[in-house]
Amino acid sequence: VVAAVDRLHVAADDIRRIFVRGVVAPIERGAATLAALRGHIATLDPDPELQYLAGTVANTVGDYPMAAVFHAAGVAGLRGQGRLGLLGESLNGQAWNAALLGDTRLGLTAAAEARALLVEGGQHRYALIAELVRGAVEALRGNGASALDVANNGEGLLLGSGAHTLLGIVQV
């Protein structure tokens, strides 16, 4: 996949290209991805969808503070544009990033809003991810019983829907 993207006539600093390279090959392309993202952090792209992608790939390659900047800008922009489906997905990213940074207040708030928007929009698999992120945040807050309930419910739903690739989130 990365080789195919590298053959495309797309600018090296295009966020979509950076996203694919970083998400598909975070170990092999992580350093190059971070360098490319640093070029974007100072001049945040006005397109909130691209900010969301930048936040996602920054999380993937482990720069959580940088991801937080991109996620905040993406969420604000998508909210301003009224793009509720993508806003729900972006809030999921922001919630997960907040959990990784230990910001449980933002993690819970973003996960709850993401879940509500995604359920309303019929994006049930993404809504389940929001619920699993909430469980991870509850664990960080020391609410083990709540976290375990979320994990058990999530595992059953994932197994029942065939979404086995998402089971790793339950383990967190």
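Residues numbered from 1 in each chain as written. Predicted model: local features only at pLDDT ≥ 70, side-chain atom pairs only at ≥ 80, totals over all residues. Heavy atoms only, no water.

### Points about the environment of arginine 125
Alright, step 1. Among the secondary structure elements, arginine 125 is positioned in helix α8 (residues 124-140).
Alright, step 2. On the accessibility criterion, arginine 125 (44% relative accessible area) is partly exposed. (Helix = DSSP H or I, 4+ residues; strand = E, 2+ residues; numbered from the N terminus. Buried < 20%, exposed > 50% of the residue type's maximum accessible area, 1.4 Å probe, protein only.)

### What to know about the confidence of the model for the protein
Alright, step 1. On average, residues of the protein score 89 in pLDDT, and 94% of them are at 70 or above.
Alright, step 2. Across the protein, helix α7 (residues 104-120) holds the top mean pLDDT of 97, while helix α10 (residues 167-171) sits lowest at 64. (pLDDT = per-residue confidence, 0-100.)

### Some remarks on the packing of helix α4 (residues 48-60) against helix α5 (residues 64-81)
Alright, step 1. Contact geometry of α4 with α5 gives a least axis separation of 7 Å together with a crossing angle of 155 degrees. When the axis of α4 is compared with that of α5, the two are roughly antiparallel. α4 and α5 meet at a crossing whose hand is left-handed. Contacts from Pro48, Glu49, Gln51, Tyr52, Ala54, Gly55, Thr56, Ala58 and Asn59 in α4 reach Tyr64, Met66, Ala67, Phe70, His71, Ala73, Gly74, Gly77, Leu78 and Gln81 in α5.
Alright, step 2. Class assignment for the residues of the contact of α4 with α5 results in 10 nonpolar, eight polar and one charged. (Axes fitted to C-alpha atoms, helices over the stretch in contact; angles between N-to-C directions. Parallel < 35°, antiparallel > 145°, perpendicular 65-115°, else oblique. Left-handed = near helix turned anticlockwise from the far one by under 90°. Contact = heavy atoms within 4.5 Å. Nonpolar A, V, L, I, M, F, W, Y, C, P; charged D, E, K, R; others polar.)

### Here's the deal with the pattern of salt bridges
Alright, step 1. Taken as a whole, this structure holds six salt bridges when the rule is applied.
Alright, step 2. Two residues, glutamate 49 and arginine 83, come together in a salt bridge whose shortest N-O distance is 2.8 Å. Taken together, the positions of glutamate 49 in helix α4 and arginine 83 in the loop between α5 and α6 (84-101) put the pair 34 residues apart, joining distant regions of the chain.
Alright, step 3. Judged by its relative accessible area of 31%, glutamate 49 falls in the partly exposed class.
Alright, step 4. Looking at arginine 83, the relative accessible area reads 30%, which means it is partly exposed.
Alright, step 5. Residue glutamate 113 is joined to arginine 79 by a salt bridge in which the shortest nitrogen-to-oxygen separation is 2.5 Å. Taken together, the residues span a long stretch of sequence, with glutamate 113 in helix α7 and arginine 79 in helix α5 at a distance of 34 residues.
Alright, step 6. Judged by its relative accessible area of 40%, arginine 79 falls in the partly exposed class.
Alright, step 7. Through salt bridges with shared partners, a single ionic network connects Arg115, Glu131, Arg134 and Glu138. (Salt bridge = Lys/Arg side-chain N within 4 Å of Asp/Glu carboxyl O.)

### Re α4
Alright, step 1. For α4, which comprises 13 residues, the first-to-last C-alpha distance of 18 Å matches the rise-based estimate of 18 Å (1.5 Å per residue) to within 8%.
Alright, step 2. Most of α4 sits out of view: 10 of its 13 residues are buried.
Alright, step 3. Taken together, the buried positions of α4 are Pro48, Leu50, Gln51, Tyr52, Leu53, Ala54, Gly55, Val57, Ala58 and Asn59.
Alright, step 4. Against the buried residues of α4 lie α2 (15-24), α3 (26-41), α5 and α6.
Alright, step 5. Near the N-terminus of α4, the side chain that reaches the backbone nitrogen of glutamate 49, with its oxygen 2.8 Å away, is that of aspartate 47.
Alright, step 6. Following α4 by one or two positions, glycine 62 adopts a phi angle in the positive range, close to 95 degrees. (Expected span 1.5 Å × (residues − 1). Polar contact = N/O pair within 3.5 Å; in protein donor to acceptor, adjacent residues only side chain to side chain.)

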